[in-house]
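Listed below, chain by chain, are the residues.
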Amino acid sequence: QVQLVESGGGLVQAGGSLRLSCVVSGRTSSTATVGWFRRAPGKEREFVATIGWSSGRTPYTDSVKGRFTISMDGAKNTVYLQMNSLKREDTAVYYCAARRKVRAEYDSWGQGTQVTVAS
């Protein structure tokens, strides 16, 4: 397994931007994908985006397409989530997670970072 630490959350006005970071440490060679998820107040956790650790493929959930961009810096073992044109409904705790196979469950999770979008 790997360890993941998120940062970059905060309070932003609607229409603004934030960039979240997720530093991955440990057995990164066994990592297949790293994903971003979020949990809004009173809602279930939902998938946001993911990136293939080797492939670089980047699927997104429909609600963030065109606004969010996931990327990674392999030299820094860091995955980013650039969030633009933020909306109130993007308010949530954002988590990054890793899994060892593409279709497996995500089995390593960070502690989360709060993103609050004010209107």
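Described below are features of the structure shown in this document. Just so you know, these numbers come straight off a predicted model, no measurement behind them.

Attention shifts here to the nonpolar core. Soluble globular proteins: nonpolar side chains tend toward being buried together. One finds Trp36, Leu81, Met83 and Tyr94 to be the most contacted residues of the largest nonpolar core, which totals 28 residues. For this core, the secondary structure elements donating two or more residues are strand E1 (2–7), strand E3 (18–26), strand E4 (33–39), strand E5 (46–52), strand E6 (68–73), strand E7 (78–83), strand E8 (92–99) and strand E10 (113–118). Ignoring any residue separated from it by four or fewer positions in sequence, one finds Tyr94 in contact with Glu6, Leu20, Trp36, Phe37, Arg38, Val48, Phe68, Leu81, Met83, Gly112, Thr113 and Val115.

Tallying each qualifying case throughout the model produces four aromatic pairs. A ring pair is formed by Phe37 and Phe47, whose centres lie 5.8 Å apart and whose planes are at 75°; its orientation type is edge-to-face. Residue Phe37 is located in strand E4, and its partner Phe47 is located in strand E5; the two are separated by 10 residues in the primary sequence. Relative accessible area serves as the criterion here: at 28%, Phe47 is assigned to the partly exposed category. Among the aromatic side chains, those forming a connected cluster through ring pairs are Phe37, Phe47, Tyr106 and Trp109. Its guanidinium or amino end placed over the ring of Phe37, Arg45 lies 5.9 Å from that ring's centre, counting from NZ or CZ.

Another aspect to go through is the state of the cysteines. A full pass over the atoms with the stated rule returns one disulfide. Between the sulfur of Cys22 and that of Cys96 lies a disulfide, 2.1 Å long from S to S. The disulfide joining Cys22 to Cys96 has a torsion of about 70° about its S-S bond and is therefore right-handed. Here Cys22 is found in strand E3, whereas its partner Cys96 is found in strand E8, with 74 residues between them in sequence. On the basis of relative accessible area, Cys96 is assigned to the buried category, the value being 0%.

On any regular strand, side chains alternate: one points to one face of the sheet, the next to the other face. The buried fraction of E5 is high, at five of seven residues. Relative to E5, E4 is paired through six bridges, and the arrangement is antiparallel. Its bridge partner being in E5, Gly35 is matched across the sheet by Thr50. Adjacent in sequence and paired antiparallel, E4 and E5 are bridged by six residues, among which Gly42 carries a positive phi angle near 75°.

Glancing now at the pattern of salt bridges. As enumerated under the stated definition, the model contains five salt bridges in all. Glu46 serves as the salt-bridge partner of Arg38, at 2.6 Å between the closest nitrogen and oxygen. Assessed through its relative accessible area of 5%, Arg38 is described here as buried. With a shortest N-O distance of 2.7 Å, Asp90 and Arg67 are connected by a salt bridge. Pair noted here: Asp90 is in the loop between E7 and E8 and Arg67 is in the loop between E5 and E6, with a separation of 23 residues, a long-range link. Comparing Asp90 with Arg67 shows no difference in burial state: the two are buried. Several salt bridges converge on common partners, so that one network encompasses Arg38, Glu46, Arg67 and Asp90.

Rules of the game
Residues numbered from 1 in each chain as written. Predicted model: local features only at pLDDT ≥ 70, side-chain atom pairs only at ≥ 80, totals over all residues. Heavy atoms only, no water. Core = buried A, V, L, I, M, F, W, Y, C linked by side-chain atoms within 4.5 Å. Buried < 20%, exposed > 50% of the residue type's maximum accessible area, 1.4 Å probe, protein only. Helix = DSSP H or I, 4+ residues; strand = E, 2+ residues; numbered from the N terminus. Contact = heavy atoms within 4.5 Å. Phe/Tyr/Trp six-rings, centres within 6.5 Å; stacked < 30°, edge-to-face > 60°. Lys NZ or Arg CZ within 6 Å of the ring centre and 35° of its normal. Disulfide = S-S within 2.5 Å. Pairing = 2+ DSSP bridges. Salt bridge = Lys/Arg side-chain N within 4 Å of Asp/Glu carboxyl O.

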